[in-house]
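Take a look at the letters that make up each chain.
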Amino acid sequence: MQRRVVLLGLALTACAAAPLSTPTGELPRSTWPVPAAPRAMVLAVHGFNDHHTAFVEFATAAAARGVMVLAYDQRGFGANPDRGRWAGTDVMVADLRAELERLRRARPDTPLFVLGESMGAA
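All values derive from a computational prediction rather than experimental measurement.

Student: Can you walk me through the overall build of the chain in this structure?
Tutor: In terms of helices and strands, the chain carries two helices and five strands. Here the chain holds 122 residues, and the buried ones make up 43% of them. Of all intrachain contacts in the chain linking residues separated by at least 6 positions in sequence, the fraction that spans at least 24 positions is 80%. When the accessible surface of the chain is summed, it comes to about 7000 Å², and 56% of that surface belongs to carbon and sulfur atoms.

Here's what the structure looks like:
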């Protein structure tokens, strides 16, 4: 089965600060009510100065329609211990790739989509 990931971007933002040298630790994440047999998964990536709970309303509505929504706090934001520090583009992209791989391994036959809001779309 050929797998595709569809990226849905809502907007782009730019920001700059001193980058973190290395990523550490597990990212805080949420999985809202999971349908018994999800038709699809959406990995939701939040914007600048936001956190993973920004998607709770969307996740609840999606779950009622058989779609599982997952979200994590990007490094430097939300409940991360490095909150307020810019992790750098390479680290943010690596985190997204790692999360996508984790989801693909967990449910290899379930379609996977990425929804990015603002900086999360970048």
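Moving on, there is more to tell.
Student: Help me out: how do you make sense of the environment of V93 in this one?
Tutor: Within the secondary structure, V93 sits in helix α2 (residues 89-106). Note: C-alpha distance between V93 and Q74 (19 residues apart in sequence) is 9.9 Å.

Student: Just checking my understanding: could you explain the environment of L43 for this structure?
Tutor: Tracing the backbone through its elements, the reader meets L43 in strand β3 (residues 40-45). Taking the C-alpha atoms as reference, L43 lies 8.4 Å from Y72; in sequence the two are 29 residues apart. With residues near it in sequence (within four places) discarded, L43 still touches L70, A71, Y72, L96, E99, L100, L103, L112, F113, V114 and L115.

Student: When you look at the pairing of β3 in this model, what are you seeing that I'm missing?
Tutor: Looking down a regular strand, the side chains alternate between one sheet face and the other. Burial runs high along β3: six of the six residues are buried. Of the two faces of β3, the one holding A40, V42 and A44 and the one holding M41, L43 and V45 are both buried throughout. Here β3 runs beside strand β4 (residues 67-72); their pairing, made up of six bridges, is parallel. Looking at the pairing, V42 lines up with V69 of β4.

Student: Just to check I follow, could you spell out α2 for this structure?
Tutor: Spanning 18 residues, α2 covers 26 Å between terminal C-alpha atoms, matching the ideal 26 Å at 1.5 Å per step. Buried within α2 we find V91, M92, D95, E99, L100 and L103. The elements touched by buried residues of α2 are β2 (29-31), β3, β4 and β5 (112-116).

Student: What's the story with the confidence of the model for the chain in this structure? I'm lost.
Tutor: Detailed reading of the predicted coordinates is not advisable wherever pLDDT falls low. Scored by pLDDT, the chain has a mean of 79; 80% of the residues are at 70 or more. Counting interchain partners and residues more than four positions distant, the pLDDT-below-50 stretch residues 6-24 has 40 contacts.

Student: Is there a simple way to explain the packing of aromatic side chains in this structure?
Tutor: Think of a pair of aromatic rings as described by two things: how far the centres are apart, and how the planes are tilted against each other in angle. Within the structure shown, the criterion is met by two aromatic pairs. Ring centres of F48 and F77 lie 5.2 Å apart, and the angle between their planes is 70°; this geometry places the pair in the edge-to-face category. Taken as a pair, F48 in the loop between β3 and α1 (56-63) and F77 in the loop between β4 and α2 lie far apart in primary sequence, 29 residues in all. Take F48: its relative accessible area is 39%, and that puts it in the partly exposed class. What makes F77 buried here is its relative accessible area of 5%. Pairing F77 with W86 gives two aromatic rings, centres 6.5 Å apart and planes at 75°, and the pair type is edge-to-face. Of the two residues, F77 and W86, neither departs from the other in class, the shared state being buried.

What counts and what doesn't
- Residues numbered from 1 in each chain as written.
- Predicted model: local features only at pLDDT ≥ 70, side-chain atom pairs only at ≥ 80, totals over all residues.
- Heavy atoms only, no water.
- Helix = DSSP H or I, 4+ residues; strand = E, 2+ residues; numbered from the N terminus.
- Buried < 20%, exposed > 50% of the residue type's maximum accessible area, 1.4 Å probe, protein only.
- Contact = heavy atoms within 4.5 Å.
- Areas by Shrake-Rupley, 256 points an atom, 1.4 Å probe, with all protein chains shown as cover.
- Pairing = 2+ DSSP bridges.
- Expected span 1.5 Å × (residues − 1).
- pLDDT = per-residue confidence, 0-100.
- Phe/Tyr/Trp six-rings, centres within 6.5 Å; stacked < 30°, edge-to-face > 60°.

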